[in-house]
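Results of the structural survey
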Amino acid sequence: MQDTAATAQFDQAQEYHNLIDGLNVGFAIYGSNGQLLTANENFYSFHSISKDDVYIGMTMLEVIGYTVKSKKFGKFDAQTIYKMVTDTFERGEAFRIELLDKHERKLRISRHLKPNRMVVETIEHLFTDTTSNNFNQDQNLKHAPSLTIEELTSALNRTADGFGLFSAEGQLLAYNNNYVSLNPDIAHAIRIGARHTDIIAAVFDSGQVNLNGMTREQFHAYAERERLAPTGATAHQNKDGKWVRFSAHRLENGCTIFNVSDISQLKHHELLTKDLSQQAATQEVQLHYALANMSQGLAMFDEKQEILVWNDQYLKMTGVDPALIKKGMPRLDILRSSIKRGHYSKEKAIETLKMYKDKGFTGKESINHHFLADGRIIEVHNRPVSNDYTIVTMSDVTQREHDTSQLAKYTKSLERSNAELQDFAYVASHDLQEPLRKIETFGDRLAQKYGSTLQKDGALYLDRMQHAASRMRQLINDLLTYSRVTEKKRLLIPIDLNTVIEGVLNDLHIQLEDTRATIDINGLATIDGDASQLRQLFQNLISNALKFRKSNVQPIIQITGETVTIEDKLGTSKDIHHIKITDNGIGFDNRFKDQIFTIFKRLHGRMEYDGTGIGLSTCNKIVEQHFGTIEADGQEGIGSTFEVRIPVKHASESKR
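Residues numbered from 1 in each chain as written. Predicted model: local features only at pLDDT ≥ 70, side-chain atom pairs only at ≥ 80, totals over all residues. Heavy atoms only, no water.

From N to C terminus, the chain includes 18 helices and 24 strands. In the chain, which comprises 656 residues, the share counted as buried stands at 39%. Total accessible area computed for the chain in this model is approximately 37,700 Å², and 51% of it derives from carbon and sulfur atoms. (Helix = DSSP H or I, 4+ residues; strand = E, 2+ residues; numbered from the N terminus. Buried < 20%, exposed > 50% of the residue type's maximum accessible area, 1.4 Å probe, protein only. Areas by Shrake-Rupley, 256 points an atom, 1.4 Å probe, with all protein chains shown as cover.)

Once that is clear, we can look at the pairing of strand β12 (residues 256–262). On any regular strand, side chains alternate: one points to one face of the sheet, the next to the other face. Across the seven residues of β12, six count as buried, placing the element largely inside the fold. With seven bridges joining them, strand β11 (residues 243–250) and β12 adopt antiparallel strand pairing. Following the sheet pairing, Arg250 is matched in β12 by Thr256. (Pairing = 2+ DSSP bridges.)

The next thing to look at is the confidence of the model for the chain. When pLDDT is averaged along the chain, the result is 78, and 80% of the positions lie at 70 or above. Contacts of residues 128–147 to residues separated by more than four positions or lying in other chains number 48 contacts, the stretch itself having pLDDT below 50. (pLDDT = per-residue confidence, 0-100. Contact = heavy atoms within 4.5 Å.)

Take the pattern of salt bridges next. Considering all chains together, one arrives at 15 salt bridges under this definition. One salt bridge in this structure joins Glu379 and Arg400, with 2.7 Å as the shortest N-O distance. Here Glu379 is found in strand β16 (residues 377–384), whereas its partner Arg400 is found in helix α13 (residues 398–450), with 21 residues between them in sequence. A relative accessible area of 18% places Glu379 in the buried class. Across the salt bridge formed by Arg535 and Asp507, the nearest N and O atoms sit 2.8 Å from each other. On the criterion of sequence distance, the pair formed by Arg535 in helix α17 (residues 531–547) and Asp507 in helix α15 (residues 497–507) is long-range, its members being 28 residues apart. For Arg535, a relative accessible area of 33% gives the class partly exposed. Exposure remark for Asp507: the relative accessible area of 43% places this residue in the partly exposed category. In the salt-bridge network here, residues are joined through shared partners; they are Glu379, Arg400 and Glu401. (Salt bridge = Lys/Arg side-chain N within 4 Å of Asp/Glu carboxyl O.)

Looking now at the sheet that holds β12. Strand order in the open sheet formed by five strands is β9-β8-β12-β11-β10, and the pairing between neighbours is antiparallel. In this open sheet, the two edge strands, each paired with only one partner strand, are β9 (172–175) and β10 (234–237). Strand-to-strand twist of the sheet, defined as the mean angle between neighbouring strand axes without regard to direction, takes the value 20°. The sheet contact formed by strand β8 (residues 162–166) and β9 spans three bridges and is antiparallel. Following the sheet pairing, Leu165 is matched in β9 by Ala174. The strands touched by helix α8 (residues 216–228) are β10, β11 and β12; relative to β11, the strand with the most contacts, the crossing angle is about 55°. (Axes fitted to C-alpha atoms, helices over the stretch in contact; angles between N-to-C directions.)

Another point: the sheet that holds strand β14 (residues 307–310). Spatially, β14-β13-β17-β16-β15 is the arrangement adopted by the five strands of the open sheet, whose pairing is antiparallel. In this open sheet, the two strands that pair with only one neighbour each are β14 and β15 (366–371). The average angle at which neighbouring strand axes cross in this sheet is 20°, direction not considered. The pairing of β15 with β16 spans six bridges and is classified as antiparallel. When the bridges of β16 are listed, Phe371 appears paired with Ile377. This element, helix α12 (residues 346–357), spans β15 and β16 of the sheet and lies at about 160° to β15.

Ranked by internal contacts, the top residues of the largest apolar core, which has 35 residues, are Leu534, Phe538, Leu541, Ile542, Ile559 and Ile579. Broken down by secondary-structure element, the contributors of at least two residues to this core are α15, α17, β21 (556–567), β22 (573–583), α18 (615–625), β23 (629–635) and β24 (639–647). When residues in this core are grouped by element, the largest group, seven residues, is from α17. With residues up to four places along the chain from it excluded, the contact list for Leu534 reads Ile495, Leu497, Val500, Ile527, Gly529, Ile622, His626 and Ile646. Counting 26 residues, the second largest nonpolar core, distinct from the first, contains Tyr30, Ile49, Val85 and Phe89. (Core = buried A, V, L, I, M, F, W, Y, C linked by side-chain atoms within 4.5 Å.)

Tracing the backbone shows Thr390 in strand β17 (residues 390–396). The buried category is assigned to Thr390, whose relative accessible area is 1%.

Here you go:
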């Protein structure tokens, strides 16, 4: 009788095998004789054992012996664990143990003794905090009358997937809660004894499944074929947005197990991955076009200085054969290939190779120039970025370097011409002094001694000669003043502009009285400058205002100053003193506002106003010497305004 009972238990356990194999918990059944009757795949996986170690027919003690080896039981051995299990069974209780496996994962193993002396063992992963190796007897786990479909269904309710078991005739024998929750649109049709065809009809009527145009009859035939001969998993999205996957497994006894899985998270990641892939593909295309349309050569190298990305311009500027370059090619090999193709002269090749072999070269930002054999000059910008990668940009600066070289030549030539002009003005002025003095002296003597005896024409000629000598004297003096301004750099020290103006007005005292001019002064400050040059500046500007006054109109000259703070091109703040000299004279046409600072430039004839055309040029030179600017603004018949802007301080003056 005992063998007959054991055989019946074995057959019953095997019937359940296909039902428990898809569970996400480990599941095993022992017969009343203590021998293992069946176990699912997760039983072996969670215990970290193989079917060669634990096989059907082994006793529970022997199974525990193998499972102890893969766990962290501390001081407990297989015999001790087995005794604890049997002791709890003797007290009519279920046995439960929580512990860590060898991978530090938390497990819970439960064993339940049935009235027919069969034992059900479950093993599951725990994802909440538990105490390591916690042995206890769960008072809530009581005996059940027998191992039934209902009992198995109760166990399956703990799984995340939906489970439905249909008989060979197509009637629903068992299902768990998730089989309903994952099929909310047909929940009303799911009940024990329901026919598979009725449930399929409910699915069709719900309109939630993409049927690809199938009619009710076609869908019914398809669903029945899947029950009788499953072909694979299908998936659809419910009204609530949840993605669900269906799969069917046909058992040997003709029954069919349907599994329903929530794959919403999986679909989300799938769609996200697809979207990211599409974005990456789009960005790759955009990057390709951006690189292709760059006027610069560009390449990126990894931490080993092996090339990752490059564009066509990079190949043109390095001279590397496009057929040879490939991802992972070392930077030095690219340079050697370029040299081999004659891209560099021998001398420049050696020099460039030496530079690139320097270990610290690629780790720091640098700008270098490659002088190619064909005459081109390539500027190479080496810029390290994160992960020890390097971005290299190459620009053809041949024309720029040529223009810079030409500009340097023109600048040098201009400086030389200016120096020669200044030397000429200075030397000529000195050399002309002596003959001019003789002309003036003999002219004066001739006028004193023979003036009364000269005929009318002779007296006129003598007067014109003396007047010309006087103009020559003024011209020579102005040239000397102009040459002295540019002759040498002078130390700039703090100068009170009010004191400077006071001295100028004292020098112009007679002219001011003769013209009855009014001078208003306000807001002048102390600035770094050269006292004699600043005095010359104001004297020239005030004299100009007096010279070009309106007839029968009292001259009014306003001199104002204001200190303002500005930012230079480098973003550095600096104080500038803004000076305005405004008059009510005859003014001038603003078309000539820039020309009036040109040497020898006159807007009026000598017969109208005397002068040499050097005074404002001298003003311009003085302001330049003080690192400032001067501008003029005029209105004919109304007056003129001269604006001078000079830095208050010259921090770099000592370095000049």
